[in-house]
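# Understanding the architecture of this molecule
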Amino acid sequence: MKNLARGFVSAFALFGIAVPMSAQDRVEGTIQADIVSQYIWRGQDLGDASLQPTLGLAYKGVSLTAWGSMGLSDPTDTKELDLTLAYKIGGLNIGVTDYWFNTPNDRYFDYAAHSTSHVLEANIGYDFGPVAVQWYTNFAGQDGLDKDGHRAYSSYFELSAPFRLAGCQWTGTVGAVPYATSFYAEAGGFAVTNVSLRATKDLRVTESFSLPLFAAVSANPSTGKAYLAFGLTLRP
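Residues numbered from 1 in each chain as written. Predicted model: local features only at pLDDT ≥ 70, side-chain atom pairs only at ≥ 80, totals over all residues. Heavy atoms only, no water.

### With respect to unusual backbone geometry
- P104 follows T103 through a cis peptide bond whose omega is 0°.
- Here P104 lies in the loop between β7 (92–101) and β8 (118–127).
- Even without being a glycine, R42 presents a positive backbone phi close to 55°.
- Secondary-structure assignment places R42 in the loop between β2 (39–41) and β3 (44–47).
- Even without being a glycine, Y153 presents a positive backbone phi close to 45°.
- Among the secondary structure elements, Y153 is positioned in the loop between β9 (132–141) and β10 (155–165).
- Of the residues examined, Y153 reaches a relative accessible area of 44% and is grouped as partly exposed. (Helix = DSSP H or I, 4+ residues; strand = E, 2+ residues; numbered from the N terminus. Buried < 20%, exposed > 50% of the residue type's maximum accessible area, 1.4 Å probe, protein only.)

Right, dumping it as structure tokens:
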């Protein structure tokens, strides 16, 4: 499953992870859509080629973002709608995301504990500049279970480092699950689930229009799987 609007505006793109918008003095809107060759989120394969739109508003560090995903090549891929309320001040960011999937229950407004398809997640993070750290924990909804069959309060944390090289913007990420949960590919305890390297580059189409392209290679050491995904962003 997937962290909203999991980010949180552009992570949505390839990994579904959201990063809050920066502080601004006027209301700003975001309308964009990513087309990805494969939907990879925190080291998990969530679908084939997908369309992932984003709609957001932000004002003075507060952002409200809607993010979605729907399969393009496989109509049976899970459809997703995430809503994220976030706040950023300086390097600190906090947020709450409501993830919804059309399985096992395709009724959006069903929040009953034992039948809902919603997952509610809280996050906190800090951007130190060269390195950023994020922590995510599910606190309600369709969470995973621990080894004893109890709610796991499934968590995930990651370190990321941006840098420029060869005309591209790169981000290296290492993410891990701290304790046992069935939410993250049956993690039986501490497990490194995401090691990835992503590059972004603008393709100039005209003097006034550029098309952002991105690609990421990622591996999940806990499952022994690796992925290479490509995408592009469409926005006004």
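Further notes follow.
### Focus on the packing of aromatic side chains
- Tallying each qualifying case throughout the model produces eleven aromatic pairs.
- Judged by centre distance (4.7 Å) and plane angle (50°), the ring pair of Y126 and F128 falls under tilted.
- Assessed through its relative accessible area of 36%, Y126 is described here as partly exposed.
- Ring geometry for F183 versus Y184: centroids 5.0 Å apart, planes at 75°, classification edge-to-face.
- Classification of F183 by relative accessible area gives buried; the value is 8%.
- Its relative accessible area of 2% is what places Y184 among the buried residues.
- Each residue in the set W41, Y99, Y136, Y156, F183 and Y184 is aromatic and connected to the rest through ring pairs, giving one cluster.
- If you follow R42 out to its NZ or CZ, it ends over the ring of Y136, 4.1 Å from the centre.
- Taking NZ or CZ as reference, R151 lies 5.7 Å from the ring centre of Y153, over its face. (Phe/Tyr/Trp six-rings, centres within 6.5 Å; stacked < 30°, edge-to-face > 60°. Lys NZ or Arg CZ within 6 Å of the ring centre and 35° of its normal.)

### Some points on the pattern of salt bridges
- This model, assessed by the stated rule, comprises two salt bridges.
- The salt bridge partner of R42 is E121, with a shortest N-O separation of 2.9 Å. Linking R42 in the loop between β2 and β3 with E121 in strand β8, this pair joins segments that are 79 residues apart in sequence.
- Look at R42 and you get buried, because its relative accessible area is 0%.
- Using a relative accessible area of 2% as the deciding quantity, one classes E121 as buried. (Salt bridge = Lys/Arg side-chain N within 4 Å of Asp/Glu carboxyl O.)

### Quick look at the sheet that holds strand β13 (residues 210–220)
- Strand order in this closed barrel of twelve strands is β1-β4-β5-β6-β7-β8-β9-β10-β11-β12-β13-β14, and the pairing throughout is antiparallel. The sheet shows a mean angle of 20° between the axes of neighbouring strands, taken without regard to direction.
- Pairing of strand β11 (residues 168–177) with strand β12 (residues 191–204), which is carried by nine bridges, proceeds in the antiparallel orientation. Bridge pairing in β12 places T171 opposite R198. (Pairing = 2+ DSSP bridges. Axes fitted to C-alpha atoms, helices over the stretch in contact; angles between N-to-C directions.)

### Observations concerning the nonpolar core
- Core analysis: the largest hydrophobic core is formed by 13 residues, its most contacted members being W41, Y99, V119, Y156, V177, F183 and Y184.
- The set of elements that each furnish at least two residues to this core consists of β2 and β7. (Core = buried A, V, L, I, M, F, W, Y, C linked by side-chain atoms within 4.5 Å.)

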